[in-house]
Structure formats: C-alpha cells, structure tokens
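Observations on the model geometry
Chain by chain, the residues:
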Amino acid sequence: MAFDKMELREIEVWDGNHAAAQAMRQCQIDVVAAYPITPSTPIVEGYAKFLADNYVEGEFVMVESEHAAMSGCIGAAAAGGRVATATSSQGFALMVETLYQASGMRLPIVLNVVNRALAAPLNVNGDHSDMYLGRDSGWIQFDAYCPQEAYDLNFIAFKVAEDHDIRLPAMVHQDGFMTSHTAQGVKTLSDDEAYGFVGDFKPMNDMLDFEHPVTHGVQTEEDWHFEHKARQHNDLMTKVLPKIEKTFEDFAKLSGRKYNLVERYDMDDADVCVVCMGTSVETAREVAGEMRAQGIKAGVVGIRVLRPFPFMQIAAALKDVKAIATLDRSSPNGAAGMLFNEIAGCLYNTDTKALLSGYVYGLGGRDLTKKHLVDLYKELQANVDAGKVTTPLQQFIGVRGPKLSFL
Amino acid sequence: MAKTGWNEFEIGAMLRSFDGKIDDIAGTLQEDRAYSKNNSFMASVADWRIIKPVFNKDFCIDCQFCWVYCPDISIISRDKKMVGIDMDHCKGCGICVEVCPTNPKSLLMFPEQADEETELANWPAKDEEKK
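Residues numbered from 1 in each chain as written. Chains lettered and ligands numbered in written order. Predicted model: local features only at pLDDT ≥ 70, side-chain atom pairs only at ≥ 80, totals over all residues.

Now for the overall build of chain B. Looking only at helices and strands, chain B has 3 helices and 5 strands in total. Mapped in sequence order, the helices and strands of chain B form the string β-β-α-β-β-α-β-α. Here chain B has a C-alpha radius of gyration of 19 Å; the compact-globule value for 131 residues is 14 Å, and the former is much larger. Expressed as lengths along the three principal axes of its C-alpha atoms, the size of chain B is roughly 65 × 35 × 20 Å. Relative to its full complement of 131 residues, chain B shows a buried share of 14%. Considering only residue pairs separated by 6 or more positions, chain B has 53% of its internal contacts joining residues 24 or more positions apart. (Helix = DSSP H or I, 4+ residues; strand = E, 2+ residues; numbered from the N terminus. Rg over C-alpha atoms; globule rule 2.2 N^0.38 Å. Buried ≥ 20, exposed ≤ 12 C-beta atoms within 10 Å, placed from the backbone. Contact = placed C-beta atoms within 7 Å.)

Next up on the list: the environment of Gly196 of chain A. Residue and element names in this part refer to chain A. Mapped onto the elements of the fold, Gly196 is located in helix H7 (residues 191-198). Note on Gly196: 12 C-beta atoms within 10 Å, which makes it exposed. Residues Gly196 and Ala52, spaced 144 residues apart in sequence, show a C-alpha to C-alpha distance of 23 Å.

What follows concerns the domain arrangement of chain A. Residues and elements named next belong to chain A. If you check the domain split of chain A, you get domain 1 (11-255) and domain 2 (264-406). Residue-level contacts link 27 residues of domain 1 with 20 residues of domain 2. Every element with two or more residues in the side of domain 1 that touches domain 2 is listed here: helix H5 (129-133), strand S6 (140-143) and helix H8 (225-255). By residue number, the principal contributor to the side of domain 1 that touches domain 2 is H8, which donates 5 residues. Across the side of domain 1 that touches domain 2, the residue classes break down as 15 nonpolar, 8 polar and 4 charged. (Domains from an automatic or database assignment. Nonpolar A, V, L, I, M, F, W, Y, C, P; charged D, E, K, R; others polar.)

This part is about the sheet that holds strand S5 (residues 110-115) of chain A. Residue and element names in this part refer to chain A. Across the sheet, 5 strands lie side by side as S4-S5-S7-S6-S13; this open sheet has mixed pairing. The open sheet has two edge strands with one neighbour each: strand S4 (84-87) and strand S13 (305-307). Along the sheet, successive strands turn relative to each other by an average axial angle of 25°, direction set aside. Two strands pair when backbone bridges link them, and S4 and S5 are joined in this way by 4 bridges, in the parallel orientation. Bridging across to S5, Ala86 finds its partner in Asn112. (Pairing = 2+ DSSP bridges. Axes fitted to C-alpha atoms, helices over the stretch in contact; angles between N-to-C directions.)

The next thing to look at is helix H1 (residues 16-26) of chain A. Residues and elements named next belong to chain A. Along H1, 11 of the 11 residues are buried, which leaves the element largely enclosed by surrounding structure. Among the residues of H1, Gly16, Asn17, His18, Ala19, Ala20, Ala21, Gln22, Ala23, Met24, Arg25 and Gln26 are the ones counted as buried. Within two residues after H1, Gln28 carries a phi angle of roughly 55°, on the positive side.

Scored by pLDDT, chain B has a mean of 93; 97% of the residues are at 70 or more. Two numbers describe this predicted complex: its pTM, 0.92, and its ipTM, 0.82. (pLDDT = per-residue confidence, 0-100.)

All names here are of chain A. Overall, mixed pairing links the 7 strands, which are arranged S10-S12-S11-S14-S15-S16-S17 in an open sheet. The sheet is open, and its two edges are formed by strand S10 (262-265) and strand S17 (405-406), each paired on a single side. Strand direction decides the pairing type here: strand S15 (residues 355-361) and strand S16 (residues 394-397), joined by 4 bridges, are parallel. Residue pairing in the sheet places Gly358 in a bridge with Gln394 of S16. Contacting S10, strand S11 (272-276), strand S12 (298-303) and strand S14 (323-328), helix H9 (residues 280-293) crosses the sheet at an angle of about 165° to S12.

The α-helix winds at 3.6 residues per turn, so residues separated by three or four positions along the chain end up facing the same way. Residue and element names in this part refer to chain A. The end-to-end C-alpha distance of helix H3 (residues 66-79), which contains 14 residues, comes to 20 Å, matching closely the 20 Å that a straight helix rising 1.5 Å per residue would cover. When H3 is considered as a whole, its buried residues turn out to be Glu66, Ala69, Met70, Gly72, Cys73, Ile74, Ala76, Ala77 and Ala78. On the buried face of H3, the contacting elements are strand S2 (31-34), strand S3 (59-62), S4, helix H4 (89-104) and strand S9 (214-216). Note on H3: the residue one or two positions beyond its end, Gly80, has a positive phi of about 120°. (Expected span 1.5 Å × (residues − 1).)

All names here are of chain B. Here Ser106 lies in the loop between helix H2 (95-99) and strand S5 (107-111). Given 25 C-beta atoms within a 10 Å radius, Ser106 is considered buried. Here the alpha-carbon distance between Ser106 and Lys57, two residues 49 residues apart in the chain, equals 6.5 Å. In this structure, Ser106 is in contact with Phe55, Asn56, Phe59, Cys60 and Cys100, ignoring residues within four places of it in sequence.

Have a look at this one:
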C-alpha cells in the first residue's frame, strides 16, 4: 500500500468529529467532496489532514457549497469510488436536492451529519431539525449517541450501504457539540481490522468501466418514475433492516460492541418509558436508573436506525409498557412530533393500551436536564396511576415563559 | 418494455448504452455497434422534424462540411464520401444546407411531406451570379 498506517492505542480520547474522521481514514475513502460548516467541519478537515499526511490514498475536492459537495460525491460514487462527506444544518438543507439524487441513483455515499438547529434564528448548536429534514430522502439513517458510536457506525454504514443488494446511501448522525466536540474514551480498531471489516470497495454499474458504458441520472416521467421509487422503497422496507442486523452481529464479533435497530434499556419490566435519540438517550438511561430507586419502573428506548423506520421492532419493544413519552428534538411546526406520529402508527393496530404523550425539547441546543426527565417520568407514572393521559398530548420541555402545551 | 414491473429492471437511475461488453467503439461503425434498446440511437425522433434536408449527390464534392457541422451526427459519411442522412435522428435544423459550399447546393430543405424524387428532378440550376 502506498499510504502509511497509524498506530492507535486501544482506547483513544476522541470527540465525535475526530472519531468519524478516523473511521473515514480507516475505510480509505477514495473521494471526499466537502464544504465546511459548524459543527461538522473537523470531520472533513480531519480527513484532509490524514490525506495530506499520507495516511489515506484518496482525493479531497474543495467545492463552493454543500449542494456542490454532495453533487461531487454523487459524481465520484457513480464513477465507482468509495465516497463520504460531512455536513450540518443549513449545509444539510442546501444538500437536500442532491440527497434525493444520491438515493434514487442508488449510490452508497456515507454522510456524517452532525445535528444542528435550522435557522431562523441562526443557531450553531445541536438539535435534530436537520436529521428530521432528511427522513424522506431515501437514505439509511443511523443515530450515534456518543463518540464511540459515531466511530463504529461509520464502518457499519459503509458495510451496509455498499452491499450490492442494498446500494443506498447512509447518514451517520451525531449531536452537534454534545457528541461532536465532547472528548470521550473511544475503543479503537486497528487499521487492518477496520479495513478488513468494510472490505475493498466493489464497484457496480460504475462509469469508469469503459467496457460497459452506462448513463447515470436518467429522466423518467409518468411511465417509469413510480416503478423506480417503488423499487427503492421496497429495498428500504425489505432488505436494509436484515442487512443492518447481520452487520451489527458481524461488528459485535469483531469489536464486542453490539448495536440494535432499537436500543432497549431497563425495558424488561418497565411500566413507563421515554423514546428518544442522540445524547438524550444517555441522560434518560441515567435518570431511569434513579427513578427505579424511587419505585418507578422506568425504561428507555433509543432509536438507532431512524430510516428505514424499525416499525415492528419498536412495536415489540413497547408492547408491555403502560405509558410512553416520545421526545422530539425538532419543532414539529404545526403537527404532533415525528416520533409521536411514527410510534402512534406502530402501536395503533396492536393490543397495547399504552398511554402515549409527546414532548418537544432541546431546540437550538437547550439542555435536557436530569430534572426535566425526573419530572417527565413522574408525569408518566401519574398517567399510569390515573389510567389516562393527564397532560396535554404535546408539551414543551425547558422553554421559558408560560407553560406551553397543545392537543 | 412498457409492461415491465418495478422488480424487473436494474436498480438506480441508469441505462446501459450497449448490450454486453464493448471494445474499440470509436473504431466500430454505428451500424455494427451492439446498441442497447435504451440507447437514444435506437429511438426515432423523425417526428420532431417539420422540414427535411434532401441530398443531391450530383453536386456533392464530399467536402464533409455538413458532416462536421451537423449537431445530431445525422450526416452519414463513409470513407470520407457523403452517403446520405440519418432520417431517424435529423431534426431538420438546416445547418447542413447553410454550410454546403456547392453551386447549386447539394442539400436543400423541403417540407417534410415533399416527394424526394420530384424535388431532385426539379433541383435548381447553377446560380451564375454567384462567384
């Protein structure tokens, strides 16, 4: 190999951004086309530095916008390379048009999304508005709750996305600043272990195969468009989740770290639980443990894979609880929260009589404190005791001013 | 093809240009290439045209100007001899007529429904005023 390997300690102290950049180095990305935006910038900067220091054999393409960044990634992926980039917030929003191109063209690009609020007002801190914006784009969406997971899920994302039965792009989400800029111990894989896990990139219908020329990005109208979209949806609904589960198992054999489509914490005998994503899962886990000392059987369900949505697995995880709170870190702007709606959909045709209530929290990086969660679990227990939801169905947590609630 | 279901085509918004493997495509004449049915070469767009060029080989000097200028690669030339026009792909733009240097021109535009034999029989004579 023409590049140098890096000696890593068994545990390195990395923030989420550096963990993702290291994973991109170890996967030996061929092309990164990127445009910087807080808080994701250190990911692509990190890759660029590894490239400059001869730790990667690849190409860094500097472009004039995030739209161009994803467009460059699409071109490179269609040409037949292993491709990744990173973005956040407004940059993600600018990419949206090309996100649909990437997934429709079935190009296995990996996008690290460091979640950040969407303006206005302008805000660089973490919430899930950008993640929610991408949820109908046809990408696979993994959610990391800490730097370790941001590192691990990158390998898993490449392995799933590039499989010839899948060939769909994947996002790896982490919370802006809370994960991306918080240094923690990260258990590493050696360069050989990591590369061996993702394997050599196997091109498919690549433009650089001159003996089999292809046209990428064709136009279809009412005669063909529906069939293409149906095929993509079918593959997302039937092929991706089994492939992710298999990859989670393979990764556990390699690393000892086991991921699940739906992460369940203290759920075996839980009466009340919260469903959330990102760093909030870790806060909720800690509070759930403390609630149990107070006699409230609390549990936590973390969404690990947001798309394809693990409909059946979530219904199974929630089948025996008595009260559920969904925590949406994105303003629904005129509706119930996304998680509230999705989970109501999962449960509606089941036998559960669980009481479902929704919460909107943490917008623009507002802290979700343990006190908030203690109060929330108490509300859920009060719902269980009363046999009905005693609060409005949608409440805001941690916003100043008169109590804000709807529905 | 119109009845092909969602599960019966290759994934991605992509189409193959040729059936099977190709080799030396630049050295292979169009009629000898294994174009796939999806290749635009296989689709006739003759109905886009409302006026058409007619080629009169009696005056042609095989200068290749029409072949060079045609924006649709619709002038058929073999061994630097003008053979005719690919009427499945010609859009009737008239550029070939515009660039034709002979007197009278070896290509002229006529309404799509004009009879080619009749127009060739009535081809204009040499314009003596042109120098």
